[in-house]
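What follows is each chain in one-letter form.
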Amino acid sequence: MLVYSLLAGLLFGLYFSLIGLGLNLVFGVMRIVNLAHGDFLMLGAFLAFWLFTLISLNPIPAIFIVFVVFAIVGLPLYYLLVPRLLRAKDPEMLSFILFFGLSQVIEALATIAFGTSERSIPGGELGRAIVAVASLLTGHHVENGPVDIFGQTFPAAWVASGIASGIAVLLVYVYLYRTRLGYLTRAVMVHREEAIATGINVHRVSAIAFGIGLGLASVAGVFAPFMLGSITPAMGVEVTVTSFTVIVIGSLGKPLGTLLGGIIYGVSYMFMQSYYSSWANLLPYVLLVAILLVRPSGLLGRQVRRA
Amino acid sequence: MSLETSAILRVDGLVKQFGGFRALDGVSFSLAAGEVLGLVGPNGSGKTTCINVISGLYRPDDGEIYFDKRPIGGLASYRLVHAGINRTFQVPRPFPTLTVRENVEIAIAYGRRHDGSVDADALLAQVDLAVFRNQPATELNSAQQKMLDLARALATGPRLLLIDELAAGLNPSELDRIAGKLRELARSGIALLVVEHLMGFIDQLTDRIIVMNAGKEIFEGALAQAVKNSHVVEVFLGGEDAA
Amino acid sequence: MPKMLHHVTLILLPVVAAFAILPTVYSNHLLLFNFMIFIMLAQGVNVIYGFTGYLPFGYVGFFGAGAYGFSLMVIHLQASPLVALAAGAAAAVVLGLTLTPLFRLSGAYFSIANLAAALAVFQVVSNPNLESLTKGPYGISLSGVFDPTFAYGATLAILGATLGLVIYLRNSRFGMALQAIREDSISAGMAGINVVRERIIAWLLSALIAGLAGSVFAWYVSVFYPETVFSGEFTIFAIVFALFGGNGTVIGPILGVVILYGIYNAVGISTPQYFQLIYGALIMLLVLFLPNGLVSLLRQWGINVP
């Protein structure tokens, strides 16, 4: 049971890191709390669901389509909402309320469009894609079905999500630390005013970061039917709170921190499920409050927000 | 540097750092009642940080602050106000939705502990703002807001007043009037610590000055001596205007 | 103070009188009751947000605490309703006290932490393991004290007290100090205001209001599930109504409730998604164009609003 909890926790942890990554990026760059984050995840999930249902598109290739769609949506959304916000007297609180409004709008539109019933995608679908890739890479036929790791059995979907999340975190790291745009992004994250003074087009960098943030949320959404169970339009709020917990544990503005936060959260969650399952639901909330009070700067230190 | 036994304020080895940056690196000085001490230095030398620590905005990382022989380092601002300390802000911070009079009234109501109440209108008259009493504080121009800030600080009946760059933006006649008022306050027994860039203002006002650079004191004494000190001159060659 | 008396006669008396008289001509008493509840909750949000700038995203936690405080008193100690009301209020205040460390956090962090705390309370209360104490997820049924008329009367009194409190805040030095804290907590400290203590007092008052509202809700409906009294909708509506009407005044939240909750009951109940869409869009428009609510519009037109 222990090994299972640990490994499952790791897989889920990677997934939770992916969920938190977009939120962390947006907050790090613009100091804005995107309360609609979970709802974009939900939209990504539904897009993947419809792509699968209507044109039988496997979730794995769907990832790319979903990411591009929402990254592109993010750009005009940024310019519409954020510059005005940043000029106000209390941008943090106002952005909080603004994006809360956006979250309600998205949830309402989704409910009107999709209804409240739960949707899901068969886990085997992810498995088939993995199997196809694995067969291609190894040259011989790989069986679809549960995966064995260190003697414990996990659904292929979990493994696929874990791997994809890990890749996504890596890609974000590469973006931030190995590309020119990423370098500019980090400059804005560390000191916005100074970045403006040095002539960096802060709005452009922020808009792109915002788009990537939304894209990441929607990609996490593609895996949601497999990792979180069925999807409904109302699932956004809980996801947002979870994302918040993950990034607060890690540290604001550092993708590595989100990875750490996600894994810690995932492992804790699995342990709770295994040993104290009736109280497992309490975990994200208690963890969040505890971290905010005990070590608000997160485990990797830095940006503290104290009144 | 003799430690004044009648000092109302004594600062001893004060250290304040932000991350890796040492804004205050072991600052020590003392101030007697009725004395006016100037604190000068180039930008970033730690002058405002010094005021921020003494007035309770920041907690010192090391060192001690004594007010009336009692240690006050780390106490919350309101406790310091009640004990008799107050300050003005480099950029004035009036309460925007309160009127000019209400800004002073609230400081009287909450800040004055040790002696009897004082009239808000009298205080406003002292800083020539009586005519604006019922207007929202935001309608004052910046020089007037500085005066409101001063009135707010005086409303709490301080025995130690920390002045943070009051002179910037004031014209010569306003400067003269203000310098006169501050000297009057000093004569009535209030100790003044005046952070300033404008040397002419410092000259009119202070008995002695401390020059700071990079969080440390590099000179203490009369302004006349300071301008002859080669280290001081070198530090200022980054360009402060000597009026 | 003359101004306070003026406001009491202008606002408090007419509002309470209206809700006292309307049941005689309008048969949907539950709706009137809900209006009163939301006015109270919006005022509660007003007290903490309008006067100190902290947004309580977990405000429903106090409402639920009040409801369960009341219910547990009745179920386990057979207390009379009025005693149980006090217990519910106390439960909310105790919860508020427990959450005061959250004030070390700023703005958005406080809001999220407050939300997490409320969700945690909900999880604890509705946990099947605690069934013997809280009836877990199976809900509460208080047949013994069911008395809608008496409960309605108590609600009138609590409504009056709530409005009275806000009028007091609007006209007193304490309220002025709170506003000062909201606008500039550093400057407030240098005016001699004990920022931390005043904030906590406002917070506890806000918790008290929601606790009383929750208690009287439990009394009036007498049958409810944990999801009912811990529903995020209470928080959302209270915040939207308060934001729409405008914080920091007495009239603002009342206006917000009357207009928006009125619209909700007229069109939104049957199609909650459309109402959600409307208030979501409304919030966004408010933040972008009218962040201080309706009363700021009135102020712009020269009308000074109590």
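**Thoughts on the overall build of chain B**
Looking only at helices and strands, one finds nine helices and ten strands in chain B. For 243 residues, the compact-globule estimate of 2.2 N^0.38 gives 18 Å, and chain B sits close to it at 17 Å. Expressed along its principal axes, the backbone C-alpha trace of chain B runs to roughly 50 × 40 × 35 Å. Relative to its full complement of 243 residues, chain B shows a buried share of 48%.

**What about the overall build of chain A?**
In terms of regular secondary structure, chain A is built from twelve helices and two strands. Helices and strands appear in chain A in the N-to-C order α-α-α-α-α-β-β-α-α-α-α-α-α-α. Taken over the C-alpha atoms alone, chain A extends approximately 55 × 45 × 40 Å along its principal axes. The buried share among the 307 residues of chain A stands at 50%. Of all intrachain contacts in chain A linking residues separated by at least 6 positions in sequence, the fraction that spans at least 24 positions is 77%.

**Side note on the interface of chain A and chain C**
Facing 35 residues of chain A, the contacting portion of chain C comprises 33 residues. The set of elements that each furnish at least two residues to the side of chain A that touches chain C consists of helix H4 (91-114), helix H10 (236-250) and helix H12 (283-294) of chain A. For the side of chain A that touches chain C, the element with the highest residue contribution is H4(A), accounting for 16 residues. Of the residues in the side of chain A that touches chain C, the class split is 25 nonpolar, five polar and five charged.

**Considering the confidence of the model for chain A**
Averaged over every residue, the pLDDT of chain A is 83; residues scoring 70 or more account for 92%. Confidence over residues 303-307 of chain A falls short of pLDDT 50; this stretch has 17 contacts with residues more than four positions distant or in other chains.

**Comments concerning helix H6 (residues 172-187) of chain B**
All names here are of chain B. The terminal C-alpha atoms of H6 lie 22 Å apart, and with 16 residues this matches the ideal 22 Å at 1.5 Å per residue to within 8%. Every buried residue of H6 is listed here: Ile178, Ala179, Leu182, Leu185 and Ala186. All buried residues of H6 lie within an arc of 120° about the axis, which places them on one face of the element. Within H6, the exposed residues directed more than 90 degrees away from the buried face are Ser173, Gly180, Glu184 and Arg187. For H6, the elements touching its buried residues are strand S3 (36-40), strand S7 (160-164), strand S8 (191-195) and helix H7 (199-205). Count one or two residues on from H6 and you reach glycine 189, which has phi positive near 110°.

**Some remarks on the interface of chain B and chain C**
On the chain C side, the residues contacting the 23 residues of chain B number 16 residues. Listed by contribution, the elements that provide at least two residues to the side of chain B that touches chain C are helix H2 (77-83), strand S6 (85-87) and helix H3 (100-111) of chain B. In terms of residue count, H3(B) provides more of the side of chain B that touches chain C than any other element does, six residues in total. Across the side of chain B that touches chain C, the residue classes tally to eleven nonpolar, eight polar and four charged.

**Remarks on the arrangement of the chains**
The interface with the most contacts, out of two pairs of chains in contact, is the one formed by chains A and C. Left apart from each other, chain A and chain B have a closest C-alpha approach of 9 Å.

**Things to note about the domain arrangement of chain B**
Examined at the domain level, chain B breaks down into domain 1 (1-84 + 158-243) and domain 2 (93-157). Split into classes, the residues belonging to the side of domain 1 of chain B that touches domain 2 of chain B amount to five nonpolar, three polar and one charged.

**A word on the packing of helix H2 (residues 37-55) of chain A against helix H3 (residues 59-86) of chain A**
Residues and elements named next belong to chain A. Across the interface, H2 lies against H3 with an axial gap of 10 Å and an inter-helix angle of 130°. Judged by the inter-axis angle, H2 sits oblique to H3. Note that H2 runs across H3; the crossing there is right-handed. Together, Phe40, Gly44, Leu47, Ala48, Leu51 and Phe52 of H2 and Pro59, Ala62, Ile65, Val66, Val69 and Phe70 of H3 make up the contact between the two elements.

**Brief notes about the sheet that holds S3(B)**
All names here are of chain B. A sheet is described by the order of its strands in space; here six strands give the open sequence S6-S7-S8-S3-S9-S10, paired in mixed fashion. What marks the edges here is a single partner per strand, and that holds for S6 and strand S10 (216-221). Averaged over all adjacent pairs, the angle separating strand axes in this sheet is 20°, with direction ignored. As defined by bridge partners, S3 adjoins strand S9 (residues 208-213) across four bridges and the pair is classed as parallel. Directly across from valine 40, in S9, lies its bridge partner valine 211.

**Let's talk about the sheet that holds strand S2 (residues 21-32) of chain B**
Residues and elements named next belong to chain B. Within the open sheet, the four strands sit side by side as S2-S1-S4-S5. Their pairing is antiparallel. Single-partner strands in this sheet number two, and they are S2 and strand S5 (70-71). Pairing of strand S1 (residues 7-18) with S2 involves nine bridges; the strand directions are antiparallel. Paired with glutamine 17 across the bridge in S2 is arginine 22. Helix H1 (residues 47-54) rests against S1, S2 and strand S4 (62-67) of the sheet, and its axis sits at about 65° to S2.

**Comments concerning the nonpolar core**
Residues Ala151(B), Leu192(B), Phe38(C), Leu41(C), Ala113(C), Ala238(C) and Phe241(C) are the most contacted members of the largest nonpolar core, which totals 290 residues. Top contributing element to this core by residue count: helix H9 (residues 202-227) of chain A, with 17 residues. There are two domains that each give this core at least three residues, and those are domain 1 (1-84 + 158-243) and domain 2 (93-157) of chain B. Beyond its immediate stretch of four places on either side in the chain, Ala113(C) contacts Leu288(A), Val289(A), Leu292(A), Leu102(C) and Leu105(C).

**Let's talk about the pairing of S9(B)**
Residue and element names in this part refer to chain B. Most of S9 is tucked away: five of the six residues are buried. Bridge count between S9 and S10: five bridges; the pairing is antiparallel. From the neighbouring strand, methionine 212 faces S10, where its bridge partner is glutamate 217. Connecting the antiparallel pair S9 and S10 is a turn made up of two residues, with alanine 214 showing a positive phi of about 50°.

**Section: unusual backbone geometry**
Backbone phi values are negative for most residues with the exception of glycine, while trans is the configuration of most peptide bonds. Residues and elements named next belong to chain B. Although it is not a glycine, glutamate 165 sits at a positive phi angle of roughly 50°. Even without a glycine there, the phi angle at alanine 214 is positive, about 50°. Structurally, alanine 214 can be placed in the loop between S9 and S10. When the 15 C-beta atoms within 10 Å are taken as the criterion, alanine 214 is described as partly exposed.

**Notes on the packing of H3(B) against helix H5 (residues 142-155) of chain B**
Residues and elements named next belong to chain B. Running from N to C, H3 and H5 cross one another at 20°; their axes reach a closest spacing of 8 Å. What the angle tells us is that H3 and H5 run roughly parallel. Crossing handedness for the pair H3 and H5: right-handed. Every residue of H5 that contacts H3 at Val100, Asn103, Val104, Ala107, Ile108 and Gly111 is listed here: Leu148, Ala151, Arg152 and Ala155.

**Remarks on the confidence of the model for chain B**
Residues and elements named next belong to chain B. Summary statistics for chain B give a mean pLDDT of 87 and a share of 94% for residues scoring 70 or more. Of the regions scoring below 50 in pLDDT, residues 239-243 engages in six contacts with residues more than four places distant in sequence or in other chains. Model confidence for the complex: the whole-complex pTM is 0.85, and ipTM, which rates the interface, is 0.87.

Definitions and limits used
Residues numbered from 1 in each chain as written. Chains lettered and ligands numbered in written order. Predicted model: local features only at pLDDT ≥ 70, side-chain atom pairs only at ≥ 80, totals over all residues. Helix = DSSP H or I, 4+ residues; strand = E, 2+ residues; numbered from the N terminus. Rg over C-alpha atoms; globule rule 2.2 N^0.38 Å. Buried ≥ 20, exposed ≤ 12 C-beta atoms within 10 Å, placed from the backbone. Contact = placed C-beta atoms within 7 Å. Nonpolar A, V, L, I, M, F, W, Y, C, P; charged D, E, K, R; others polar. pLDDT = per-residue confidence, 0-100. Expected span 1.5 Å × (residues − 1). Arc of directions from axis to C-beta. Domains from an automatic or database assignment. Axes fitted to C-alpha atoms, helices over the stretch in contact; angles between N-to-C directions. Parallel < 35°, antiparallel > 145°, perpendicular 65-115°, else oblique. Left-handed = near helix turned anticlockwise from the far one by under 90°. Pairing = 2+ DSSP bridges. Core = buried A, V, L, I, M, F, W, Y, C linked by C-beta atoms within 7 Å.

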